[in-house]
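Structural characterization, general
Here are the chains, one letter per residue:
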Amino acid sequence: MLDFFIAPAYAQDAAAGSGMAQIVMLLGFVLIFYFLLWRPQAKRAKQHKQLIGSLSKGDEIVIGGGVLGRITKVSDDSEFLTMEIAEGVQINVQKNAVAAVLPKGTIKAI
């Protein structure tokens, strides 16, 4: 009586196109992985690398821990920079720790 709700299973028809369907499915997953995960992450890494390369003395920055300061010394051959967080207080920070460069004048008086 309820046989019209259940479709009959045909094993021969399903096996014929399954190889091509698996390849298309795998290709679809690879494209989704590329466009949703890998490409945006690579773009962010490239932007951060450009940010690190453009740091110069006098820039106002925020590091990963949320500390604000002004760069007082940048050496090209080293991976560290010196930033002033208060008047007379300087700390050495890794360049990779810089999260953002702030617009000039953001820090009123250090």
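Quick caveat, the model's predicted, so the values are computed rather than measured.

This part takes up the sheet that holds strand β4 (residues 89–94). Ordered in space as β4-β3-β2-β1-β5, the 5 strands form an open sheet in which the pairing is antiparallel. Taken across any chain shown, the strands that pair with only one partner, and hence form the sheet edges, are β4 and β5 (98–102). Direction aside, the axes of adjacent strands within the sheet are offset by 45° on average. Taken together, the 4 bridges between strand β2 (residues 68–74) and strand β3 (residues 80–86) define a ladder with antiparallel strand orientation.

Another aspect to go through is helix α2 (residues 18–53). With 36 residues, α2 extends 51 Å from end C-alpha to end C-alpha; this agrees with the ideal 52 Å at 1.5 Å per step. The sharpest bend along α2 measures roughly 40° and falls at Tyr 34.

Attention now goes to the packing of aromatic side chains. Applying the stated criterion across every chain, the model contains 2 aromatic pairs. Ring plane angle 80° and centroid distance 5.0 Å describe the contact between Tyr 34 and Phe 35, whose orientation is recorded as edge-to-face. What makes Tyr 34 partly exposed here is its relative accessible area of 34%. On the basis of relative accessibility, which here comes to 46%, the residue Phe 35 falls in the partly exposed class. Linked through ring pairs, Tyr 34, Phe 35 and Trp 38 together constitute an aromatic cluster.

Joining the antiparallel neighbours β2 and β3 is a turn of 5 residues. In the sheet, β3 pairs with β4 via 6 bridges, with the strands oriented antiparallel. In the strand pairing of β4, Ala 86 is matched with Val 89. Here β3 folds back onto β4 in antiparallel fashion, the turn holding 2 residues, of which Gly 88 has a positive phi close to 80°.

The rules behind these values
Residues numbered from 1 in each chain as written. Predicted model: local features only at pLDDT ≥ 70, side-chain atom pairs only at ≥ 80, totals over all residues. Heavy atoms only, no water. Pairing = 2+ DSSP bridges. Helix = DSSP H or I, 4+ residues; strand = E, 2+ residues; numbered from the N terminus. Axes fitted to C-alpha atoms, helices over the stretch in contact; angles between N-to-C directions. Expected span 1.5 Å × (residues − 1). Bend = angle between axes of the 7 residues up to and from the residue. Phe/Tyr/Trp six-rings, centres within 6.5 Å; stacked < 30°, edge-to-face > 60°. Buried < 20%, exposed > 50% of the residue type's maximum accessible area, 1.4 Å probe, protein only.

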